[in-house]
Amino acid sequence: MAVCTVYTAHSLNSTCSISTPTKTHLGFNQKHVVLYSTNKKTARRASSAVITCATDTQTVVIGLAADSGCGKSTFMRRLTSVFGGAAEPPRGGNPDSNTLISDTTTVICLDDYHSLDRTGRKENGVTALDPRANDFDLMYEQVKAIKDGVAVEKPIYNHVTGLLDPPELIKPPKILVIEGLHPMYDQRVRDLLDFSIYLDISNEVKFAWKIQRDMAERGHSLESIKASIEARKPDFDAYIDPQKQYADAVIEVLPTQLIQMTMRGSSPALTQASNSPMGPTLTTGHEVSVLEMDGQFDRLDELIYVESHLSNISTKFYGEVTQQMLKHADFPGSNNGTGLFQTIVGLKIRDLFEQIVASRAKTPLEATKA
Ligand SMILES: Nc1ncnc2c1ncn2[C@@H]1O[C@H](COP(=O)(O)OP(=O)(O)OP(=O)(O)O)[C@@H](O)[C@H]1O
Ligand SMILES: O=C(CO)[C@H](O)[C@H](O)COP(=O)(O)O
């Protein structure tokens, strides 16, 4: 079992309070909403994009950062499900595409912006985590174009061959998720994000998850997994981990019996949390509020008891969190806080998306000025 923590940035003015047997209140406010670009060059490109734009407004862009094997795919499946669909690779496209598309969301993997293929990295003695192995200019241009409603031809990094494949067409979705190693590394890309998440998985937990997957599914030896984690560590510490300072939500998983959820944004009510008899406890830090959950759910349907003690979790009906968790009982982390907090963050992203759409609908004239 692992400690799981969720932080939300103080810039969101988050609130979190608990005074069990009353309710835990989880609040996220949107960071910023860009209605339209005032940049004339971009505006021209955007005007030709009206045809390809999947929504009547700008694409909402979500960033999900984590090291390899830290649960990004699992989180993405939960998030897509919250929007009511299942994500699939592009139809008729490259079978090794890393992209996943559903009715509402398109998830692109930032590995596709590797500028050096596997051989190139080896020859240059750099890892994929090193910014020099990635094309941030192209990443920025393409994410910006999609956000402005313009379809792009995005490269594909083929994890099977280790080569860069011919590009694939990405049309602007309602929600674009950019997931991978560096969604918050480059300030230009970071500034395009409407919401960002960092999956902060401790080395011990990462190791356990990777062993189970890479030995069982990918035929790697224990020694090679250990060696790979060790070899990546300096670059992970230098380039990946620092991104959590920019994240609106951080889900932290530590190797103890405790599951923990932390939210940035201080709230006096948090101090009452330690009285909670139901397991979750809250502590406060510097502009950080923390919700912790201990142990695992032996019976998933009993999660409704925990859910009944939470408020403002952006559900559309009573029991929605429990329903989502039951729906995906086979996903990793479904019997502990990792799955629970991923689901709650997914619901918050849906809420944010609906807020953004509603705020744009109120100002249609302004939105078309660009
Ligand atoms: N909450 C969890 N609890 C236990 N195991 C988990 C959890 N989340 C993910 N895992 C395990 O960790 C491994 C990696 O998960 P996943 O494929 O979702 O990560 P990823 O970040 O998308 O990986 P990659 O970038 O390497 O494709 C899988 O074997 C999965 O079963
Ligand atoms: O960190 C990674 C993905 O998040 C990979 O290591 C990186 O993309 C290189 O891929 P491969 O090992 O298949 O060449």
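See the structure above.
Residues numbered from 1 in each chain as written. Chains lettered and ligands numbered in written order. Predicted model: local features only at pLDDT ≥ 70, side-chain atom pairs only at ≥ 80, totals over all residues. Heavy atoms only, no water.

Draft legend 1. Region of interest: the site of ligand 2. As a structural note, the neighbourhood of ligand 2 is formed by Ser68, Asp111, His114, Arg118, Arg121, Ala128, Tyr157, His159, Leu181 and Arg232. Arg118 is positioned with one of its side-chain polar atoms (N or O) 2.8 Å from an oxygen atom of ligand 2. Note that an oxygen atom of ligand 2 is positioned 2.8 Å from one of the side-chain N or O atoms of Arg121. When isolated, ligand 2 has an accessible area of 370 Å², and the protein chains bury 80% of it. Split by residue class, the shell around ligand 2 holds three nonpolar, three polar and four charged. (Near = heavy atom within 4 Å. Polar contact = N/O pair within 3.5 Å; in protein donor to acceptor, adjacent residues only side chain to side chain. Areas by Shrake-Rupley, 256 points an atom, 1.4 Å probe, with all protein chains shown as cover. Nonpolar A, V, L, I, M, F, W, Y, C, P; charged D, E, K, R; others polar.)

Draft legend 2. Representation of the packing of helix α9 (residues 320-327) against helix α10 (residues 337-362) within the structure. Between α9 and α10, whose axes approach to 10 Å, the crossing angle comes to 120°. As judged from the angle between their axes, α9 and α10 are oblique. For the element pair α9 and α10, the recorded crossing hand is right-handed. Residues Glu320, Val321, Gln324 and Met325 of α9 pack against Gly339, Leu340, Thr343, Ile344, Leu347 and Arg350 of α10. Residue classes in the contact of α9 with α10 are distributed as five nonpolar, three polar and two charged. (Axes fitted to C-alpha atoms, helices over the stretch in contact; angles between N-to-C directions. Helix = DSSP H or I, 4+ residues; strand = E, 2+ residues; numbered from the N terminus. Parallel < 35°, antiparallel > 145°, perpendicular 65-115°, else oblique. Left-handed = near helix turned anticlockwise from the far one by under 90°. Contact = heavy atoms within 4.5 Å.)

Draft legend 3. Fine view of the site of ligand 1. Around ligand 1 lies a shell of 14 residues, among which Ser68, Gly71, Ser73, Thr74 and Thr338 are the nearest. Here an oxygen atom of ligand 1 and a backbone polar atom of Lys72 are 3.0 Å apart. Within the contact set of ligand 1, an oxygen atom lies 2.5 Å away from a side-chain nitrogen or oxygen of Ser73. Relative to its free-state accessible area of 630 Å², ligand 1 is covered by the protein chains to the extent of 83%. Elements with a minimum of two residues in the shell around ligand 1: α2 (72-82) and α6 (203-216). For the shell around ligand 1, the residue count by class is three nonpolar, eight polar and three charged.

Draft legend 4. Representation of the nonpolar core. One finds Ile62, Val177, Phe195, Ile197, Leu199, Leu340 and Ile349 to be the most contacted residues of the largest nonpolar core, which totals 39 residues. Within the residue set of this core, elements represented by two or more residues are β4 (60-65), α2, β9 (175-180), β10 (195-201), β11 (249-254), α8 (303-307), α9 and α10. It is α10 that contributes the most residues to this core, nine residues altogether. Counting residues in hydrophobic clusters, the runner-up holds 27 residues, among them Ala145, Val152, Ile178 and Val250. (Core = buried A, V, L, I, M, F, W, Y, C linked by side-chain atoms within 4.5 Å. Buried < 20%, exposed > 50% of the residue type's maximum accessible area, 1.4 Å probe, protein only.)

Draft legend 5. Looking closely at the pattern of salt bridges. If you walk through the whole model with that rule in mind, you get 18 salt bridges. When the shortest N-O distance is used, the salt bridge between Asp112 and Lys154 registers 2.6 Å. A residue pair is termed long-range when its members are at least 10 positions apart, and Asp112 in the loop between β6 (105-109) and α3 (118-124) and Lys154 in strand β7 (residues 152-158) qualify at 42 residues. We classify Lys154 as buried; its relative accessible area is 0%. Its salt-bridge partner being Glu354, residue Lys316 comes within 2.8 Å of it at the nearest N-O pair. Linking Lys316 in the loop between β15 (310-311) and α9 with Glu354 in helix α10, this pair joins segments that are 38 residues apart in sequence. One salt-bridge network, held together by shared partners, links Asp67, Lys206 and Arg232. (Salt bridge = Lys/Arg side-chain N within 4 Å of Asp/Glu carboxyl O.)

Draft legend 6. View of α2. For α2, the buried fraction is high: nine of the eleven residues fall into the buried class. Looking at α2, one finds that the buried residues are Lys72, Thr74, Phe75, Met76, Arg78, Leu79, Thr80, Ser81 and Val82. In the core, the buried residues of α2 are packed alongside β4, β6, β9, β10, α9 and α10. Positive phi shows up at Gly84, right after α2, with a value of about 90°.

Draft legend 7. Broad picture of the packing of aromatic side chains. Going through the model one piece at a time under the given rule, you end up with three aromatic pairs. Summarising the aromatic geometry, the rings of Phe83 and Phe353 are spaced 5.9 Å apart at their centres and angled 80° between planes, so their arrangement reads as edge-to-face. Here Phe83 is found in the loop between α2 and β5 (100-101), whereas its partner Phe353 is found in helix α10, with 270 residues between them in sequence. Classification of Phe83 by relative accessible area gives buried; the value is 15%. The exposure class of Phe353 is buried, given its relative accessible area of 12%. On the basis of an interplanar angle of 35° and a centroid distance of 5.2 Å, the ring pair of Phe136 and Tyr185 is categorised as tilted. Here Phe136, found in helix α4 (residues 136-147), pairs with Tyr185, found in the loop between β9 and α5 (187-190); they are 49 residues apart in sequence, far enough to count as distant. According to the relative accessible area criterion, Phe136 is buried, its value standing at 9%. Members of the aromatic cluster, each reached through a chain of ring pairs, are Phe136, Tyr185 and Tyr239. One cation-aromatic arrangement involves Arg77 over Phe331; the distance from NZ or CZ to the ring centre is 4.0 Å. Across the ring face of Tyr246, the terminal group of Arg190 is positioned such that the distance to the ring centre comes to 3.6 Å. (Phe/Tyr/Trp six-rings, centres within 6.5 Å; stacked < 30°, edge-to-face > 60°. Lys NZ or Arg CZ within 6 Å of the ring centre and 35° of its normal.)

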